[in-house]
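Architecture and fold: a report
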Amino acid sequence: MRRPVIAANWKMNKKIEEAQAFLDEFIPLVWNEREVDIVIAPPFTALYTMANLLRITNIGLAAQDLFYEDKGAYTGEISPVMLTDIGCSYVIIGHSERRIYFGETDEIVNKKFRAARRHGLEVIFCIGESLSEREAGMTFDVLKRQISEGIRDISSDGLIIAYEPVWAIGTGKTATPDQAQEAHESIRKTLSHLYGEPAKGVRILYGGSVTPENADVLMACPDVDGALVGGASLKADSFAGIVKYNKQ
Ligand code: 13P
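Residues numbered from 1 in each chain as written. Predicted model: local features only at pLDDT ≥ 70, side-chain atom pairs only at ≥ 80, totals over all residues. Heavy atoms only, no water.

Further remarks concern the site of the ligand. Taken together, 13 residues form the shell around the ligand, and within it Lys11, His95, Gly170, Ser209 and Gly231 come nearest. Separating an oxygen atom of the ligand from a side-chain N or O atom of Asn9 is a distance of 3.0 Å. One of the backbone nitrogen or oxygen atoms of Ser209 is found 2.7 Å away from an oxygen atom of the ligand. Protein contact buries 95% of the 310 Å² of open area that the ligand shows by itself. A breakdown of the residues in the shell around the ligand according to their chemical character gives four nonpolar, seven polar and two charged. (Near = heavy atom within 4 Å. Polar contact = N/O pair within 3.5 Å; in protein donor to acceptor, adjacent residues only side chain to side chain. Areas by Shrake-Rupley, 256 points an atom, 1.4 Å probe, with all protein chains shown as cover. Nonpolar A, V, L, I, M, F, W, Y, C, P; charged D, E, K, R; others polar.)

Considering all chains together, one arrives at eight aromatic pairs under this definition. Consider the rings of Trp10 and Phe22, whose centres lie 4.8 Å apart with planes at 75°: the pair is edge-to-face. A residue pair is termed long-range when its members are at least 10 positions apart, and Trp10 in the loop between β1 (5-9) and α1 (16-30) and Phe22 in helix α1 qualify at twelve residues. Phe22 sits in the buried class, given a relative accessible area of 4%. Plain terms: the ring middles of Phe113 and Phe125 are 5.5 Å apart, the flat faces sit at 55° to each other, and that makes the pair tilted. In this pair, Phe113 sits in helix α5 (residues 106-118) while Phe125 sits in strand β5 (residues 122-127), placing the two residues twelve residues apart along the sequence. A connected cluster of aromatic rings, assembled from ring pairs, spans Trp10, Phe22, Phe26 and Phe239. Taking NZ or CZ as reference, Lys247 lies 4.2 Å from the ring centre of Tyr245, over its face. (Phe/Tyr/Trp six-rings, centres within 6.5 Å; stacked < 30°, edge-to-face > 60°. Helix = DSSP H or I, 4+ residues; strand = E, 2+ residues; numbered from the N terminus. Buried < 20%, exposed > 50% of the residue type's maximum accessible area, 1.4 Å probe, protein only. Lys NZ or Arg CZ within 6 Å of the ring centre and 35° of its normal.)

Time to look at α5. With 13 residues, α5 ought to run about 18 Å at 1.5 Å a step, and its terminal C-alpha atoms sit 18 Å apart, in line with that. For α5, the complete set of buried residues consists of Asp106, Val109, Asn110, Lys112, Phe113, Ala115 and Ala116. Looking at the buried positions of α5, the neighbouring elements they touch are α3 (80-85), β4 (90-93), α4 (96-101), β5 and α7 (139-150). Among the residues trailing α5, Gly120 stands out with phi positive, at a value near 75°. (Expected span 1.5 Å × (residues − 1). Contact = heavy atoms within 4.5 Å.)

Moving on to the nonpolar core. In globular proteins that are soluble, nonpolar side chains generally tend to be buried together. Membership of the largest hydrophobic core comes to 66 residues, with the highest contact counts inside it found for Phe26, Ile40, Leu191 and Phe239. Not counting residues up to four positions away in its chain, the partners in contact with Phe26 are Ile38, Ile40, Ile59, Ala236, Phe239, Ala240 and Val243. Ala62, Tyr90, Ile160 and Leu205 belong to the second largest nonpolar core, which has 13 residues in total. (Core = buried A, V, L, I, M, F, W, Y, C linked by side-chain atoms within 4.5 Å.)

Rendered as C-alpha cells:
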C-alpha cells in the first residue's frame, strides 16, 4: 500500500502573517487526518516561522527549491544544509516553472536531487509535458527522459514523483482521470525498467488544477498516489477539502 501524499505548493504567495493565518484555520481542520501525509511548501521567507508552528503537528514542511552546493559564493541561493537547519524535511525539485522561467535543465535537476538526498531531504520530483509536446504525441518520451535524467544515481527509497502536465497548471484545465492514469502508468513502467520491483512503492502525485471538486476522481485512479496543489492550496478550507478526499 502506498501512503497518499497531499502537498501544497504556495509558489510566490503569502507573507508570514498570511501563512500564520492559514495555519490557524487549517490545522484544526486536518489535525485528526491519519491516512495521508500532508505537506506544505511556503515561500522561503515563511519557512522558519512555519517550521516552528508545524513542529508538533501532522503536517510536513517543504521548500520549493534548493541549490546543489552546501555553501559558498552563490548569491541568492539556499542550500540543503540551510533547509535541514531550520527543520525542513521535504523539497520540491524540477517544477516546470523553474524549468521554464529559470532555465533548469534535467542535469541541474539531477544535481539538486542528489544534493537533497545527501542531506536526508525528501524530494518531490516534478515532471510533465507541455501542450505542444502533448499535441506532438511526445508525452511519454518527455516523461521518460525527465525521469531517467532526473533520477540518475538516485535510489528508489522514499521516491516521490509529481506528474504535472504544464498545460494543466493554473489553467483550470485538469487532466481527465484517464489522462492522469495513463501518464502515471507510463511513469511507473519507466520506473520498473530502472528499479524493478521497488517501482511499485514509488508514490506518484498528480498536479495541475486539482480542487476539492475533482480530487475524488483523480485520487480514485490506481496509480495516482496523491496531489501537488497550487491555487487551491492557498485557502485553508479548499486545501483541507482536498486532504479530506473520499478515501473509500
Ligand atoms: P495549480 O494547482 O494552481 O494548477 O498548480 C499546480 C502546481 O504547479 C503545483 O506545483
